[in-house]
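# A look at the structure
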Amino acid sequence: MFANKECVAMLLAGGQGSRLYCLTEKIAKPAVPFGGKYRIIDFPLSNCVNSDIDTVGVLTQYQPHELNAYIGSGQAWDLDRIDGGVHILPPYIKGKKGTWYKGTANAIYQNMDFIDRYDPEYVLILSGDHIYKFDYRQMIDHHRKNEADCTIAVIEVSAEEASRFGIMNVNSDDTIFEFEEKPKVPKSNLASMGIYVFSWQKLRMYLLDDERDPKSSNDFGANIIPKMLANNEKMMVYRFSGYWKDVGTIESLWEANMDMLSPETGLNLFDPEWRIYAGSADAPPHYCGPDSTLSHSLVTGGCVVYGAVENSVLFHNVKVGSGASIRYSIIMPDAVVEDGAVIEYSIVGERARICKDARVGSLPADDTTGEWGISVVAADKTIGPGRIVAARQMVGEDLL
């Protein structure tokens, strides 16, 4: 027998993250390391715990092994509970048939039995690939007070950015009258954050109806939300005003890491009132050699630095040799940067090795081609001695 829950959270964490290229070749996007000691999925999981939501289903699909192992029992987020807790929910065979999750709505449909066992009043739908801090209790309270059927979190974006998002057009009372997916000429700047609160019995009805429709793509944005609007269900926006970034591209992932170095961005991870929890690796204190220099950087446990690090993020157990220089870069766990290597405006994957006197990336000011961008070295790859990785180059194989 399961205890009833007011709200169950369903975290969509099966994304391939194709726009992160070689960084997600072997892991799901929510498992990508972030900010020195975290992975992207730490943010929605921590938000749930801090919002007193103790029952979370994590829906995995693409390359789930590392993500599943990382979440484990949920202890790092205080979600290792007998009554509720975190549950990994991959696609499975039911009866004689089984399919991959066909879309976001189908993923929830396939797990209706899981939700039903807790008989919740509300279901919170989350994405596993955003960096933000959010008290979901405020959004649920907004949903309840307005007696809404669906509430969608939105954030104001610039007019130039609006065409990249799903846009909510609203009345003066913040009820939604129209949803536009990536419109060429947006009518408003209220961008969907991919965070939804549904009254469960209402959503359940629409999921069943959607699954019976052979023409449906089984997606919230493409099918469920437009159908609810067409049926005049009460749909509201909840306006969010804090830091939020979709880290689905190389540039946005790099920018979000750099934002951690600038308090004015609003990404404050030192707030004791709203901690972001992580399943961090055990590592000794970091060590800086006698001739090393560190400036405006985050350096985590187990790092050994003999060179120069400036405006960068070093994950645990990174080794930086003598005479090496790292600027405006993200160096993921267990990477090795040998003597004399130079890394600028780059992301270096887990366990990668940048050999002696190699060079990865370049400064924007040095660009003469108009093709400048963030350089990337994939996990477990080696850049040989003296080799050069150009600006914006993605290295998914050893370069020896």
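Residues numbered from 1 in each chain as written. Predicted model: local features only at pLDDT ≥ 70, side-chain atom pairs only at ≥ 80, totals over all residues. Heavy atoms only, no water.

In this section: the environment of Trp244. Among the secondary structure elements, Trp244 is positioned in strand E13 (residues 244-246). Owing to a relative accessible area of 12%, Trp244 belongs among the buried residues under this scheme. As for Trp244 and Ala107, which are separated by 137 residues in sequence, their C-alpha atoms are 24 Å apart. In this structure Trp244 touches His130, Ile131, Tyr132, Ile155, Phe165, Ser192 and Met193, once residues within four positions along its chain are discounted. In this structure the side chain of Trp244 is engaged in a polar contact, spanning 3.4 Å, whose partner is the side chain of His130. (Helix = DSSP H or I, 4+ residues; strand = E, 2+ residues; numbered from the N terminus. Buried < 20%, exposed > 50% of the residue type's maximum accessible area, 1.4 Å probe, protein only. Contact = heavy atoms within 4.5 Å. Polar contact = N/O pair within 3.5 Å; in protein donor to acceptor, adjacent residues only side chain to side chain.)

In this section: the packing of aromatic side chains. Evaluation of the coordinates by the stated rule reveals 17 aromatic pairs. With a centroid separation of 5.2 Å and 40 degrees between ring planes, the pair formed by Phe134 and Tyr136 is classed as tilted. When its relative accessible area of 2% is taken as the criterion, Phe134 is described as buried. For Tyr136, a relative accessible area of 0% gives the class buried. (Phe/Tyr/Trp six-rings, centres within 6.5 Å; stacked < 30°, edge-to-face > 60°.)

What follows deals with helix H8 (residues 250-259). Along H8, eight of the ten residues are buried, which leaves the element largely enclosed by surrounding structure. Ile250, Ser252, Leu253, Trp254, Ala256, Asn257, Met258 and Asp259 are the residues of H8 that are buried.

Right, let's get into the layout of surface pockets. Taken as a whole, the largest pocket holds about 1500 Å³ of empty space. Along the walls of the largest pocket sit 47 residues, with Arg19, Ser127, Asp129, His130 and Asp246 positioned nearest its centre. The element that contributes the greatest number of residues to the lining of the largest pocket is strand E11 (residues 190-199), accounting for four residues. Along the lines of polarity and charge, the residues of the lining of the largest pocket split into 16 nonpolar, 18 polar and 13 charged. (1 Å grid on protein atoms, 1.4 Å probe; cavity = no way out; pocket = protein on both sides within 12 Å on 5 of 7 lines; lining within 4 Å. Points joined across faces, edges and corners; volume = space filled by probe spheres on them. Nonpolar A, V, L, I, M, F, W, Y, C, P; charged D, E, K, R; others polar.)

Within the secondary structure, Asp54 sits in the loop between helix H1 (42-50) and strand E4 (55-59). There is a polar contact of 3.5 Å between the side chain of Asp54 and the side chain of Arg81. In this structure, Asp54 is in contact with Lys5, Leu79, Arg81, Asp83, Gly84 and Gly85, ignoring residues within four places of it in sequence.

Purely geometric numbers; function is a separate question.
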